Amino acid sequence: MKKKLESIPATLVSVQDYESLFADFIPHPVYEYIAGGSADDISLKNNRNAFDSILLNRRVLADFSAASTRTEVLGKTVKYPIMLAPVAHQKLVHPKGEIATAEAANVLDLGFIGSTLSSVPMEDVADALQGEKWFQLYFQESRDATLSLIQRAENAGYSAIVVTVDAAINGLRNRVQRAGFTLPAGMEANLVNYQCPPLKSIEADQSIILNGIMRDSPTWRDIQWIQSQTSLPVILKGITNCEDAKIAKELGVAGIVVSNHGGRTLDSVPAAIDVLADIRATVGDDLTLLFDSGIRRGSDIFKALALGADSVLIGRPQLYGLSIAGALGVAHILKLLIEEFEVTMALMGCATIDQITQDTLYSKQSI
Ligand SMILES: Cc1cc2nc3c(=O)[nH]c(=O)nc-3n(C[C@H](O)[C@H](O)[C@H](O)COP(=O)(O)O)c2cc1C
Ligand SMILES: CCCCCCC(=O)C(=O)O
């Protein structure tokens with residue numbers, strides 16, 4: 001395994017370059033955990049294929065005298081429509097874990113979503129962050145434990161709760177199983193004092209999954225309960241279905257992350273980018289829509305905004321940079337994506353974010 005780099009070689013000029021290299025810097029089972037999707041990687045691959053099939057309908061000779069990447073997300077002005085997605089267990093790839101990623105987010109002035117499963121306590125991650133910080137919530141087995149996480153997030157200064165709703169149980173992580181990946185101790189720093197309740201009893205002819213694990217799994221009523229327990233905006237992450245988006249809006253959530261979890265939960269769900277426009281049409285213009293799953297280029301950020309996202313989240317690329325060169329690597333990757341996004345805006349003739357509309361894309365039928 002290679003030692004972390006202390007400077008960035010001139011050959012690393014895109015996220016793809018980092019992606020090709022990061023396996024050399026981490027143990028193979030960890031690589032499989034990060035790079036893999038679920039089951040046959042169908043959704044994982046679809047995420048990229050779908051982005052590649054979207055073509056840009058450029059305009060020339062546009063006026064850039066008042067150009068800006070600034071926009072509003074959840075009622076606040078941000079420098080770029082880009083945030084760091086919640087990514088668990090970051091000390092798997094670097095001893096500083098989430099602290100290094102937070103430092104990179106600070107350098108680029110990007111918002112950060114801290115995971116319930118972070119390997120650094122959420123309070124320390126919050127202290128390391130200078131900009132916008134949201135907390136991603138995984139429901140715990142008991143409401144007390146879930147509520148305690150929300151209260152800790154509030155006390156630590158997080159300004160929104162992002163509830164992940166697409167992972168009621170783990171997906172079929174076959175690549176992880178084949179590689180023999182197991183989570184080392186110390187990778188779930190927020191949960192050290194949380195007791196795991198005993199396994200639920202089931203009848204002899206019942207399913208452990210459907211009647212055991214899923215029996216008390218969260219429902220829409222639990223989302224309402226969370227809303228009743230916090231004054232922070234509540235955002236649901238992991239919606240790919242228009243009816244679910246409609247229910248979420250009716251319940252008054254502050255936003256939705258259109259995401260298939262990077263192809264890591266249910267395999268064979270569509271590419272997240274392929275459902276984004278329909279979800280935007282369903283919820284209307286006013287609800288905050290975030291997007292992740294497959295963003296690897298600045299042009300992907302542009303495409304997601306054109307299809308209705310207010311901001312995108314960067315997932316796996318954080319870990320490529322962290323594995324190879326710590327905070328410097330993450331910052332470099334984020335910088336590359338920002339520059340690519342700006343180049344795309346420039347060559348597309350879009351000087352401001354509100355000019356990035358569906359008209360900037362060829363419709364699939366028209367080509
Ligand atoms: C190693 C890893 C850990 C992740 N941990 C979380 C997590 O703790 N909570 C969560 O909501 N999503 C988690 N995700 C999903 C990301 O937030 C995001 O949805 C996904 O990475 C987007 O796909 P992409 O990385 O292919 O762009 C994780 C993803 C990876 C790769
Ligand atoms: C029951 C879901 C566990 C997910 C663990 C972290 C994550 O979101 C991911 O690996 O993806």
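Since the structure is predicted, the reported quantities are computational estimates derived from the model, not experimental observations.

S.K.: Lay out the overall build of the protein in plain terms, naming residues and giving numbers.
M.R.: A tally of helices and strands in the protein yields 13 helices and ten strands. Its C-alpha atoms give the protein a radius of gyration of 20 Å, near enough to 21 Å, the size a compact globule of 367 residues would have. In the protein, which comprises 367 residues, the proportion classed as buried is 46%. Long-range contacts, defined as pairs at least 24 residues apart, comprise 72% of the intrachain contacts of the protein with a sequence gap of at least 6.

S.K.: Run through the sheet that holds strand S5 (residues 133–137), naming residues and quoting values.
M.R.: Taken in spatial order, the eight strands close into a barrel running S3-S4-S5-S6-S7-S8-S9-S10, and their pairing is parallel. Neighbour to neighbour, the strand axes of the sheet diverge by 30° on average, direction disregarded. Sheet topology places strand S4 (residues 111–114) next to S5; three bridges connect them, and they run parallel. Following the sheet pairing, Gly 114 is matched in S5 by Phe 135.

S.K.: Could you give me a rundown of the site of ligand 1, with the residues and numbers involved?
M.R.: Near ligand 1, the surroundings consist of 21 residues, among which Ala 88, Ser 115, Gly 262, Gly 315 and Arg 316 are the closest. Among the residues forming the shell around ligand 1, the class breakdown is seven nonpolar, ten polar and four charged.

S.K.: Requested: an account of the site of ligand 2, with residues and values cited.
M.R.: The immediate surroundings of ligand 2 are formed by Ala 88, Leu 117, Ala 167, Ile 169, Asn 170, His 261 and Arg 264. Partitioning the shell around ligand 2 into residue classes produces four nonpolar, two polar and one charged.

S.K.: Tell me about the nonpolar core, and please be specific about residues and values.
M.R.: One finds Val 162, Ile 256, Val 258, Leu 276, Phe 291, Ala 304 and Val 312 to be the most contacted residues of the largest nonpolar core, which totals 101 residues. The element that contributes the greatest number of residues to this core is helix H13 (residues 316–348), accounting for 16 residues. When residues no more than four places from it in sequence are discounted, the contact partners of Val 312 are Pro 81, Ile 82, Leu 290, Phe 291, Asp 292, Ile 295, Ile 301 and Ala 304.

S.K.: Provide a residue-level description of the environment of Lys 249, including the pertinent values.
M.R.: Assignment of secondary structure puts Lys 249 in helix H10 (residues 242–250). Residue class for Lys 249 comes out partly exposed when judged on the 18 C-beta atoms lying within 10 Å of it. Spatially, the C-alpha atom of Lys 249 lies 11 Å from that of Val 234, the residues being 15 residues apart in sequence. Look past the residues within four positions of Lys 249 in its chain and what remains in contact with it is Val 283 and Leu 287.

S.K.: Outline the pairing of strand S7 (residues 234–239), listing residues and values.
M.R.: Of all six residues in S7, six are buried; the element is thus mostly enclosed. Of the strand pairs in this sheet, strand S6 (residues 161–164) and S7 are connected by four bridges, and their pairing is parallel. Considered in S7, the bridge of Val 163 is made with Leu 236. As defined by bridge partners, S7 adjoins strand S8 (residues 255–258) across four bridges and the pair is classed as parallel. When the sheet's bridge partners are listed, Ile 239 is paired in S8 with Val 258. Taking the sense of rotation as the criterion, the β-α-β connection linking S7, H10 and S8 turns out right-handed.

S.K.: Let's hear about the confidence of the model for the protein: which residues, and what values?
M.R.: Considering every residue of the protein, the mean pLDDT works out to 97; 99% of them sit at 70 or more. Complex prediction metrics read pTM 0.98 and ipTM 0.98.

S.K.: Can you lay out the packing of helix H12 (residues 298–306) against H13 for me, pointing to particular residues and giving the numbers?
M.R.: Relative orientation of the contacting elements H12 and H13 amounts to 60°, with a least axis distance of 7 Å. Taken together, the axes of H12 and H13 lie oblique to each other. Between H12 and H13 the crossing geometry is right-handed. For the pair formed by H12 and H13, the contact residues are Gly 298, Ser 299, Ile 301 and Phe 302 on the first element and Leu 337, Glu 339, Glu 340, Phe 341, Val 343, Thr 344, Met 345 and Met 348 on the second.

S.K.: Quick one: what's the story with helix H2 (residues 28–35), residue by residue and with numbers?
M.R.: Buried within H2 are the following residues: Val 30, Tyr 31, Glu 32, Tyr 33 and Ile 34. Among the structural elements, helix H7 (174–179) and H13 are those in contact with the buried residues of H2.

S.K.: If you had to explain the pairing of S6 to someone new, which residues and values would you point to?
M.R.: Side-chain alternation along S6 places Ile 161 and Val 163 on one buried face and Val 162 and Thr 164 on a second face that is also buried. Relative to S6, S5 is paired through three bridges, and the arrangement is parallel. Within the sheet, the bridge partner assigned to Gln 136 lies in S6 and is Val 162. Running through helix H6 (residues 143–156), the crossover from S5 to the neighbouring parallel element S6 is right-handed.

Calculation criteria
- Residues numbered from 1 in each chain as written.
- Chains lettered and ligands numbered in written order.
- Predicted model: local features only at pLDDT ≥ 70, side-chain atom pairs only at ≥ 80, totals over all residues.
- Helix = DSSP H or I, 4+ residues; strand = E, 2+ residues; numbered from the N terminus.
- Rg over C-alpha atoms; globule rule 2.2 N^0.38 Å.
- Buried ≥ 20, exposed ≤ 12 C-beta atoms within 10 Å, placed from the backbone.
- Contact = placed C-beta atoms within 7 Å.
- Pairing = 2+ DSSP bridges.
- Axes fitted to C-alpha atoms, helices over the stretch in contact; angles between N-to-C directions.
- Near = placed C-beta within 6 Å.
- Nonpolar A, V, L, I, M, F, W, Y, C, P; charged D, E, K, R; others polar.
- Core = buried A, V, L, I, M, F, W, Y, C linked by C-beta atoms within 7 Å.
- Right-handed = clockwise from strand over helix to strand, strands pointing away.
- pLDDT = per-residue confidence, 0-100.
- Parallel < 35°, antiparallel > 145°, perpendicular 65-115°, else oblique.
- Left-handed = near helix turned anticlockwise from the far one by under 90°.

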